[in-house]
Every structure is written in C-alpha cells, then in structure tokens.
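Chain by chain, the residues run as shown.
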Amino acid sequence: MAQVEEIRTYIQEGLPCQALEVEGDGRHFQALVVSEAFRGKRKVQQHQLVYQALGPAMGTEIHALALTTLTPEEWERL
C-alpha cells in the first residue's frame, strides 16, 4: 500500500514541481501539484502527467487520488 511520502517521491521524480502537497490515509489520497509543465494544458492533460509520474502505482497501490493541478501563476492567485 502506498504512503504519502512514496507518492510525493513518485511525483517529484516524474514531474518538475514548484509546489507539492500530498495527504492521505493509506488508500485514499489528495494531492496539490503546481508545475510549469501544466501551462497550456487542459485539466485532463495535467492529471495525465501526474498519473504518468505515478506509473504503475496508480490503480494498484493507490486506489483513489483527488488531484488539484495548477500552473505557478494560478497558484500565486490563490
């Protein structure tokens, strides 16, 4: 079963992040990912980039992941 730190590591190693927050209970997780890589992409494409970073853990170790994806500019406006 994936843990918060493992998920954080998968995302950081697979996607350049300006900010990253991950929370969860061992099965269900929430992540806030801020990345320049999201610029010009629709939300579904942004989420796909995160899923790619998670690799095979998505759907096996990670059963539910609620994502909030933002560009650095969107993050600054919050």
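Residues numbered from 1 in each chain as written. Predicted model: local features only at pLDDT ≥ 70, side-chain atom pairs only at ≥ 80, totals over all residues. Heavy atoms only, no water.

> Residue-level account of the overall build of the protein chain, with values.
When helices and strands are tallied, the protein chain shows three helices and three strands. Across the protein chain, helices and strands are ordered from the amino to the carboxyl terminus as α-β-β-α-β-α. At 12 Å, the protein chain has a C-alpha radius of gyration in line with the 12 Å of a compact globule built from 78 residues. Along the longest, intermediate and shortest principal axes, the C-alpha atoms of the protein chain span 35 × 20 × 20 Å. Within the protein chain, buried positions represent 40% of all 78 residues. Sequence separation of at least 24 residues holds for 53% of the intrachain contacts in the protein chain that already meet a minimum separation of 6. (Helix = DSSP H or I, 4+ residues; strand = E, 2+ residues; numbered from the N terminus. Rg over C-alpha atoms; globule rule 2.2 N^0.38 Å. Buried < 20%, exposed > 50% of the residue type's maximum accessible area, 1.4 Å probe, protein only. Contact = heavy atoms within 4.5 Å.)

> Can you lay out the nonpolar core for me, pointing to particular residues and giving the numbers?
Among the nonpolar cores identified, the biggest contains 19 residues, and Ile7, Val33, Val50 and Ile62 are the most heavily contacted of them. When contributions to this core are tallied by element, the ones reaching two or more residues are α1 (4-14), β1 (19-24), β2 (28-34), α2 (43-54) and β3 (64-70). Among the elements that make up this core, the one with the highest residue count is α2 (four residues). The contacts of Val33, once residues within four sequence positions are left out, are Ile11, Leu15, Cys17, Ala19, Leu20, Phe38, Val50, Leu67, Thr68, Thr69 and Leu70. (Core = buried A, V, L, I, M, F, W, Y, C linked by side-chain atoms within 4.5 Å.)

> How would you summarise α2 if you had to cite specific residues and measurements?
Compared with an ideal rise of 1.5 Å per residue, which puts twelve residues at 16 Å, α2 spans 17 Å between its outermost C-alpha atoms and is within 8% of the ideal. For α2, every residue scored as buried is listed here: Gln46, His47, Leu49, Val50, Ala53 and Leu54. Along the axis of α2, the buried positions cluster into a sector of 150°, meaning they face one direction only. Buried residues in α2 make contact with α1, β2 and β3. (Expected span 1.5 Å × (residues − 1). Arc of directions from axis to C-beta.)

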